[in-house]
Amino acid sequence: PDATFGHESRELHHGDAIVMYTDGMTEARNADGLFGIDRLQATAARLVAGSARSITDGLVAAVNEYDEMRTRDDLAVLTLRRL
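Every value quoted in this text rests on a predicted model; they were computed, and no experiment measured them.

On to the nonpolar core. Of all hydrophobic cores here, the largest spans 9 residues; its members are Met-25, Ala-28, Phe-35, Leu-40, Ile-55, Leu-59, Val-63, Tyr-66 and Val-77. Per-element accounting of this core gives the leading share, 4 residues, to helix H3 (residues 52-66). Those residues in contact with Leu-59 that sit more than four places away from it in its chain are Val-19, Met-25, Leu-40, Thr-43, Ala-44, Leu-47 and Val-77.

With that settled, consider the environment of Thr-79. For Thr-79, the position within the fold is in strand E4 (residues 77-81). Note: C-alpha distance between Thr-79 and Ala-52 (27 residues apart in sequence) is 5.3 Å. In this structure Thr-79 touches Ile-18, Val-19, Ala-52, Ile-55 and Thr-56, once residues within four positions along its chain are discounted.

A rise of 1.5 Å per residue sets the reference length of H3, with its 15 residues, at 21 Å; its end C-alpha atoms lie 21 Å apart and thus fit the reference within 8%. For H3, the full list of buried residues reads Ala-52, Ile-55, Thr-56, Gly-58, Leu-59, Val-63 and Tyr-66. Buried residues of H3, viewed axially, fall in a sector of 165°; they line one side. In H3, those exposed residues whose orientation departs by more than 90 degrees from the buried face are Arg-53 and Glu-65. Lining the buried residues of H3 we find strand E1 (17-21), helix H1 (23-26), strand E2 (29-30), strand E3 (33-34), helix H2 (36-47) and E4.

Attention shifts here to a negative patch on the surface. A contiguous patch of negative charge on the surface is contributed by Asp-23, Glu-27, Asp-73 and Asp-74. Turning to its location among the elements, Asp-73 is positioned in the loop between H3 and E4. Residue Asp-73 is classed as partly exposed on the basis of its relative accessible area of 32%.

Thresholds applied
Residues numbered from 1 in each chain as written. Predicted model: local features only at pLDDT ≥ 70, side-chain atom pairs only at ≥ 80, totals over all residues. Heavy atoms only, no water. Core = buried A, V, L, I, M, F, W, Y, C linked by side-chain atoms within 4.5 Å. Buried < 20%, exposed > 50% of the residue type's maximum accessible area, 1.4 Å probe, protein only. Helix = DSSP H or I, 4+ residues; strand = E, 2+ residues; numbered from the N terminus. Contact = heavy atoms within 4.5 Å. Expected span 1.5 Å × (residues − 1). Arc of directions from axis to C-beta. Patch = residues over 30% accessible without salt bridge, like charges linked within 9 Å, V, L, I, M, F, W, Y side chains within 5 Å. Areas by Shrake-Rupley, 256 points an atom, 1.4 Å probe, with all protein chains shown as cover. Salt bridge = Lys/Arg side-chain N within 4 Å of Asp/Glu carboxyl O. Lys, Arg positive; Asp, Glu negative; His and termini not counted. Charge placed at Lys NZ, Arg CZ, Asp CG, Glu CD.

Distances and angles like these do not, on their own, reveal function.
As structure tokens, this is what we get:
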């Protein structure tokens, strides 16, 4: 009931990608703490030259490898790339 929503638009140019994900990506845990948004962004930056599928697969693999606690929160990623 207290949710707020905003609206924002961006133009995607040739080769641009957008990654949408659930909180299970950033809340994966190991002894060092949460995977977090900074690690997610850094991982995505290393993968950005690949296809939408390879970005998604790479992010999921990185989170699964990091998640030593096996928290298995919801984990969903959708990557779109403009061709």
